[in-house]
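Fold and contact review
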Amino acid sequence: MQSVLVTGAAGGIGTRLRKLLKGVYPRIRWSDIKKPADLAPDEEFVLADVSDMAACEKLTAGMEGIVHLGGHSTEGSWETILNANIIGCYNMFEAAYRNNVKRVVFASSNHAIGFYPRTQKIGTDVTVHPDSRYGISKAFGEATGAFYSDKHALRVTCLRIGNFGDKPVDERRLSIWLKPEDLVQLIRIGLEHPDIKFEIFYGASDNAATWWDNSNARKFGYKPTGKGEDYRAEAMESQKKLPKDPVGDRYQGGTYCSDEYDADRRG
Ligand SMILES: NC(=O)c1ccc[n+]([C@@H]2O[C@H](COP(=O)([O-])OP(=O)(O)OC[C@H]3O[C@@H](n4cnc5c(N)ncnc54)[C@H](O)[C@@H]3O)[C@@H](O)[C@H]2O)c1
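In short, a report on the structure. Bear in mind that the values here come from a model prediction, so they are computed numbers and not experimental data.

**Some details on the sheet that holds strand β2 (residues 27-32)**
Across a sheet, strands are paired by hydrogen bonds formed along the backbone, either parallel or antiparallel in direction. Sheet architecture is open: 7 strands sit in the order β3-β2-β1-β4-β5-β6-β9, paired in parallel fashion. Pairing within the sheet leaves two strands with one partner each, and these edge strands are β3 (44-47) and β9 (198-203). If you compare each strand with its neighbour and ignore which way they point, the axes differ by 20° on average. Along the sheet, helix α2 (residues 53-60) contacts β1 (3-7), β2, β3 and β4 (65-68); its crossing angle with β2, the most-contacted strand, is approximately 160°.

**Some thoughts on the pattern of salt bridges**
Where charged atoms from two side chains of opposite charge approach closely, those side chains can pair. The tally for this structure, following the rule as stated, stands at 19 salt bridges. Between Glu-57 and Arg-98 there is a salt bridge, and its shortest N-O distance comes to 3.0 Å. With Glu-57 in helix α2 and Arg-98 in helix α3 (residues 78-98), this residue pair connects regions lying 41 residues apart in the sequence. Taking relative accessible area as the criterion, Arg-98 reaches 45% and is therefore assigned partly exposed. Glu-260 is the partner of Arg-133 in a salt bridge, and the nearest nitrogen-oxygen pair spans 2.9 Å. Residue Arg-133 is found in helix α4 (residues 133-152), and its partner Glu-260 is found in the loop between α9 (255-258) and α10 (263-266); the two are separated by 127 residues along the sequence.

**With respect to the pairing of strand β5 (residues 103-109)**
Burial runs high along β5: 7 of the 7 residues are buried. Every second residue of β5 is oriented toward a common face, with Arg-103, Val-105, Ala-107 and Ser-109 on one face and Val-104, Phe-106 and Ser-108 on the other, all of them buried. In terms of handedness, the path from β4 via α3 over to β5 forms a crossover that is right-handed. Pairing geometry for β5 and strand β6 (residues 155-161), over 7 bridges, is parallel. Across the sheet, residue Val-104 finds its bridge partner in β6, namely Val-156. Read as a crossover between parallel neighbours, the route from β5 over α4 to β6 is right-handed.

**Brief notes about the site of the ligand**
Taken together, 24 residues sit near the ligand, with Ile-13, Asp-32, Leu-69, Ser-73 and Tyr-134 positioned nearest. A distance of 3.1 Å separates an oxygen atom of the ligand from a polar backbone atom of Gly-11. Between an oxygen atom of the ligand and a main-chain N or O atom of Gly-71, the distance comes to 3.1 Å. Relative to its unbound accessible surface of 820 Å², the ligand loses 84% to contact with the protein. Contributing elements (two or more residues each) for the shell around the ligand: α1 (12-20), β5, α4 and β7 (163-164). Broken down by class, the residue content of the shell around the ligand amounts to 10 nonpolar, 10 polar and 4 charged.

Thresholds applied
- Residues numbered from 1 in each chain as written.
- Predicted model: local features only at pLDDT ≥ 70, side-chain atom pairs only at ≥ 80, totals over all residues.
- Heavy atoms only, no water.
- Pairing = 2+ DSSP bridges.
- Helix = DSSP H or I, 4+ residues; strand = E, 2+ residues; numbered from the N terminus.
- Axes fitted to C-alpha atoms, helices over the stretch in contact; angles between N-to-C directions.
- Contact = heavy atoms within 4.5 Å.
- Salt bridge = Lys/Arg side-chain N within 4 Å of Asp/Glu carboxyl O.
- Buried < 20%, exposed > 50% of the residue type's maximum accessible area, 1.4 Å probe, protein only.
- Right-handed = clockwise from strand over helix to strand, strands pointing away.
- Near = heavy atom within 4 Å.
- Polar contact = N/O pair within 3.5 Å; in protein donor to acceptor, adjacent residues only side chain to side chain.
- Areas by Shrake-Rupley, 256 points an atom, 1.4 Å probe, with all protein chains shown as cover.
- Nonpolar A, V, L, I, M, F, W, Y, C, P; charged D, E, K, R; others polar.

Take a look at the structure:
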């Protein structure tokens, strides 16, 4: 893997990855719709809106791999999600295909399966149950990845990221936390492992309170180093400050499930 494009370079994850991926690949092209404030002089950066197909074609030219993080990263209006995440994601896969890019790692989300109850442990082979328009867009991204893999032999890895950060900050996060270095491991498996065709992994560290069976990632050599339990006391202390959420506390997606929820009144 000689040349890698990473979108979402100015975001929370992109900003960390710009440090953690330094020197890992000979050439990394960073991109975002806005320029990162802390861009270093030796970093290659291209300003681009992923909802613009022509821009995506230019962006992906000459790249061997793509890590697609760019887009709207929370719930949003349909128009916002449609442009940044649905059209944007389609454009990235289609541009990758047109430019003969070999591999794509797509930042999916736990919100693609947010309506599974916390009492149920799920693998990566379950039907999607998105909890938001944002979650729908991530399910769309996974389906688009499967399509380009099956039809055009693009090697695609979808990471259903839980919650990226230095530590889990509340009870829900004890189950879904992803340590930055563990994300790097997952990305490197997606970009480098010889047997990747189309895979879905949970983007989660070694959390004892997990709701997910991540054995598929482990099969590819994933050895997470973060342990959510190491932060239990702190996380539960912060949890005390959060209001009770009868719907959100039942489901894996948390407040994304209770937001706009009226199934109890309409069902
Ligand atoms: N942070 C997490 O815990 C988490 C969890 C699940 C999934 N994810 C996914 O991982 C990715 C990165 O997350 P993040 O936390 O860094 O999000 P972020 O919001 O901090 O960063 C996203 C970046 O995408 C850029 N962007 C938005 N619209 C764009 C467009 N039309 N064209 C090009 N760039 C655009 C933004 O400018 C931003 O810098 C996102 O796809 C997000 O959905 C993150």
